[in-house]
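Listed below are the residues making up each chain.
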Amino acid sequence: MADHFAAIDVGSNAMRCQIAAVDHPKHYRVLEQDRQPVRLGQQVFQTGKLNPDAADTAIKVLADFKKLTDRFRVKAIRAVGTSALREASDSRAFVKRAQKVGIPLEVLAEEEEARLISLGIMSGLRFHLPLGLFLDIGGGSVELAVADTTNTYCLFSLPLGAVRLTEEFIANDPPHRKEIRELREFIQDRLKPAVRRVQREKYTMAFGSGGTITALAETDTRVGGNAKAGSLTILRRQRLKALLDLLIDQPASERASMISGDPKRADIIVAGGVVLYEIMSEFGLDYLFVSRRGLRDGLMVDLLQRHYEGSGQWQPDADRTESLDQFCQKYLVDAPHANHVSQLALNLFYQLHDLHKLPEKHAGILHAASMLHDIGLFIAHPKHHKHSYYLIKSSGMNSFNKLDLDLVANVARYHRKAHPSPKHLGFSQLSPANQDVVRKLSALVRIADAFDFRHGQQVDALNCTLSKSRTLAISASSEANLKEEIAWAAEKGNLIQEVFNLDLSFQKAKPNRSR
């Protein structure tokens, strides 16, 4: 039997939980990941105290995380709080409440947070790193570290988090030029000591992590495409500048449909983007390798190193992104189409969260199913949705557990033709709760696929509005004529109407960007 462990990150803008299994020394498998967009840092950096509603929500999430750890019978939990809890005068009371629900929460020291972030990123690299610069933009602070696999040479934690700076500098929507100018000057002033120290180190690569940086990198990918190096994405400074210019000019409601990932990040993405651009400028970075790994992963590695004393370095088994990429290459998937369908489907997933009420972990299932929905074309076009199901089921992708692979296969299978039905064997073998997941996710994939049925990536973004009369209006931003796409989406939208019991309408909106 494998030993199970849990790492929990109580951040200023979100809370994350990871469950991993250890089958053999120095390697672990991630079994479950969850992220809840709880803004614990709300008002903390202005008032010095936790917002009561945010604190109550955070405790409920911790109780849910505890149920998850109990289900997996974990041997040990490492749970930490970051800048919001470091600065809140009532953080001790919050820690006691966390202990009552069974979570042994510790408030992480600034430099320890920076060390764990760099450890998390390095643990996922598949190459030898002589010396690297690591930066993470959180809700309350920015962590900087220069390290290699054996030593950390300098650590900084700066009060430049996206939530903090938004509350302090940006009062208007969209922000005024004066606000942006004052924000830039403040960031530049706070960066000076770190720049002087870090520039003494001869690092060879720079890495970025955290929700703000990954959202910017993924938005840049969707807007114009960018390079990848394995599981890392390359974000270039000039590309970031162009993207920021676009985001700054838009109100938060427009930014929500433009950015990848959680649309609730729309109000803080400008401040976070300005911080990233100024860091890259001050450090002379023309580009940055963006990793989806970070503090949560560093916590897991550190927990395992402590539990298995003297075990040395730990690495996760191949992550899902790498496994998906390899599988897509094997079956000659149209990568631009697959990626675009995934982006549009996730766009819908996050905007319609209050409708489908699925936890964050299912975004990963949706992404995988979107990437793989057409792999059945490798066998033949007729019934290729069924071929996709069988190829995924037999793939042996060990980065997914059996249940997740079943979900991915079923969602991909229902991207076209018949709706999910108990008459279908694969679907009937799922529990009622997981059948509900498949219905909801496949409904989203159908809409996303319809808007790229010509494989031309003509649609920039989808924006959703649900009226009180339960009419879901979906507007597509594009410079192209979308008459056929809208007609096709209306036909494939029958499932979303059936699943959520609503009416559906489509229209073309003005584009958010120039192509």
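**Student:** Looking at this model, I keep getting lost on the pairing of strand 1 (residues 3-10). Mind explaining?
**Tutor:** Sheet faces and side chains relate simply in a regular strand, where the side chains alternate between the two faces. Of all eight residues making up strand 1, seven are buried, and the element is well covered by its neighbours. One ladder, built from eight bridges, connects strand 1 with strand 2 (residues 15-24); its direction is antiparallel. Looking at strand 2, one finds that Asp3 is bridged to Val22. In textbook terms, the turn of a hairpin is the stretch between consecutive antiparallel strands, and for strand 1 and strand 2 this stretch comprises four residues. The sheet contact formed by strand 1 and strand 4 (residues 76-81) spans six bridges and is parallel. Its bridge partner being in strand 4, Val10 is matched across the sheet by Gly81.

**Student:** Looking at this model, I keep getting lost on the pattern of salt bridges. Mind explaining?
**Tutor:** Pairs can form between side chains of opposite charge once their charged atoms are near each other. Under the definition given, this model contains 29 salt bridges. For Arg237, the salt bridge identified is with Asp286, shortest N-O distance 3.7 Å. With Arg237 in helix 9 (residues 237-248) and Asp286 in the loop between helix 11 (269-282) and strand 12 (287-290), this pair connects stretches of sequence that are 49 residues apart. Of the residues examined, Arg237 reaches a relative accessible area of 17% and is grouped as buried. Note that Asp297 and Arg293 form a salt bridge whose closest N and O atoms lie 3.4 Å from each other. Arg293 carries the same exposure label as Asp297, and that label is buried. One salt-bridge network, in which partners are shared between bridges, spans Arg78, Glu106, Glu112, Arg115, Asp302 and Arg306.

**Student:** Mind showing me how you'd approach the pairing of strand 3 (residues 27-36) here?
**Tutor:** Sheet topology note: the strand 2/strand 3 ladder contains eight bridges and is antiparallel. Within strand 3, the position partnered with Arg16 by the bridge is Arg35. From the end of strand 2 to the start of strand 3, which pair antiparallel, there are two residues, and Lys26 there has a positive phi angle of about 70°.

**Student:** I'm lost on the packing of aromatic side chains in this one. Help?
**Tutor:** The geometry of an aromatic ring pair comes down to the distance between the two centres and the angle between the two planes. Tallying each qualifying case throughout the model produces 12 aromatic pairs. Chaining the aromatic ring pairs together yields one cluster made of Phe134, Phe207, Tyr287 and Phe289.

**Student:** Hey, could you run me through the environment of Pro130 in this one?
**Tutor:** Of note, Pro130 is situated in the loop between helix 5 (110-123) and strand 6 (132-137). Taking the C-alpha atoms as reference points, Pro130 and Lys361, 231 residues apart in sequence, are found 34 Å from one another. Look past the residues within four positions of Pro130 in its chain and what remains in contact with it is Asp148 and Thr204.

Definitions and limits used
Residues numbered from 1 in each chain as written. Predicted model: local features only at pLDDT ≥ 70, side-chain atom pairs only at ≥ 80, totals over all residues. Heavy atoms only, no water. Buried < 20%, exposed > 50% of the residue type's maximum accessible area, 1.4 Å probe, protein only. Helix = DSSP H or I, 4+ residues; strand = E, 2+ residues; numbered from the N terminus. Pairing = 2+ DSSP bridges. Salt bridge = Lys/Arg side-chain N within 4 Å of Asp/Glu carboxyl O. Phe/Tyr/Trp six-rings, centres within 6.5 Å; stacked < 30°, edge-to-face > 60°. Contact = heavy atoms within 4.5 Å.

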